[in-house]
Amino acid sequence: EILQTESMYDFGSTFRVLVTDRPLVGRYRTIQGAADRSHAASLAASGASGGASKPSNAANSAATGGLSLPTLPGQGDQPLEWLNSAPAIQDALFDQVDRFRKTFVQVPGCEQSTAERIREIVGDAVRKLIRHHKLVQPSQQRQLDYQVSRNTYAALHSFVFPHLQRILSAPEERLEKGIRSF
């Protein structure tokens, strides 16, 4: 199923980006969203889950509408899994991202402030995850920071990218004109 479609412009050509509910290649694992976790918890509390403590992949897939993240074999302790295994921190991160997206005003010339605020949000989540998982190795902390930052910018792409395209289109045209004149 196509979840989102967006037209984009890059290097003089227009293309369309389609967001699907599953990866086109490779294996994937279904994950639960916050609403699905609370629904599963209420079912478990009422005994309606049939005694199963963990929903099956098929039930999980149906509960999330088939949404999933790609996984690779042997990736159990990787940074993306660290974020997914702390649902309270993950939910708080994306609540902050959603609030940022709805309330932050982007002003041409102040993109550094936007980037600094995004880094504050990411840094806060990374610190919480490091404490939660008791990570002491700097390499693990860097990997975690990279993954959280990557997920955050992916969630904010449709908010940040059009603004950057709009404000940078005139300088890009001047640069292309200068390059062509040589």
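Residues numbered from 1 in each chain as written. Predicted model: local features only at pLDDT ≥ 70, side-chain atom pairs only at ≥ 80, totals over all residues. Heavy atoms only, no water.

*Asks:* How should the overall build of the protein chain be read in this particular structure?
*Replies:* Counting secondary structure elements, the protein chain contains six helices and four strands. For the protein chain, the sequential pattern of α-helices and β-strands runs β-β-β-α-α-β-α-α-α-α. Counting across all 182 residues of the protein chain, residues that qualify as buried make up 23%. Within the protein chain, contacts between residues at least 6 apart in sequence are counted, and of these 66% link residues at least 24 apart. (Helix = DSSP H or I, 4+ residues; strand = E, 2+ residues; numbered from the N terminus. Buried < 20%, exposed > 50% of the residue type's maximum accessible area, 1.4 Å probe, protein only. Contact = heavy atoms within 4.5 Å.)

*Asks:* Whenever I open this one, the confidence of the model for the protein chain confuses me. Can you help?
*Replies:* Residues with a pLDDT of 70 or more make up 70% of the protein chain, whose mean pLDDT is 74. Per-element mean pLDDT across the protein chain ranges from 38 in strand β4 (residues 68-70) up to 92 in helix α5 (residues 111-133). Note that pLDDT drops below 50 for residues 34-39; the model gives that stretch seven contacts with residues more than four away or on any other chain. (pLDDT = per-residue confidence, 0-100.)

*Asks:* In this structure, what is going on with the pattern of salt bridges? I would like to understand it.
*Replies:* This structure, assessed with the given rule, holds five salt bridges. When the shortest N-O distance is used, the salt bridge between R117 and E120 registers 3.2 Å. With R117 and E120 both in helix α5 and three residues apart, the pair spans about one turn of that helix. Looking at E120, the relative accessible area reads 48%, which means it is partly exposed. One salt bridge connects E176 with R180, and the closest N-O pair in it is separated by 3.7 Å. One end of the pair, E176, and the other, R180, are both in helix α6 (residues 138-181), four residues apart, so they sit about a helical turn from each other. Overall, the relative accessible area of 63% leaves R180 in the exposed class. (Salt bridge = Lys/Arg side-chain N within 4 Å of Asp/Glu carboxyl O.)

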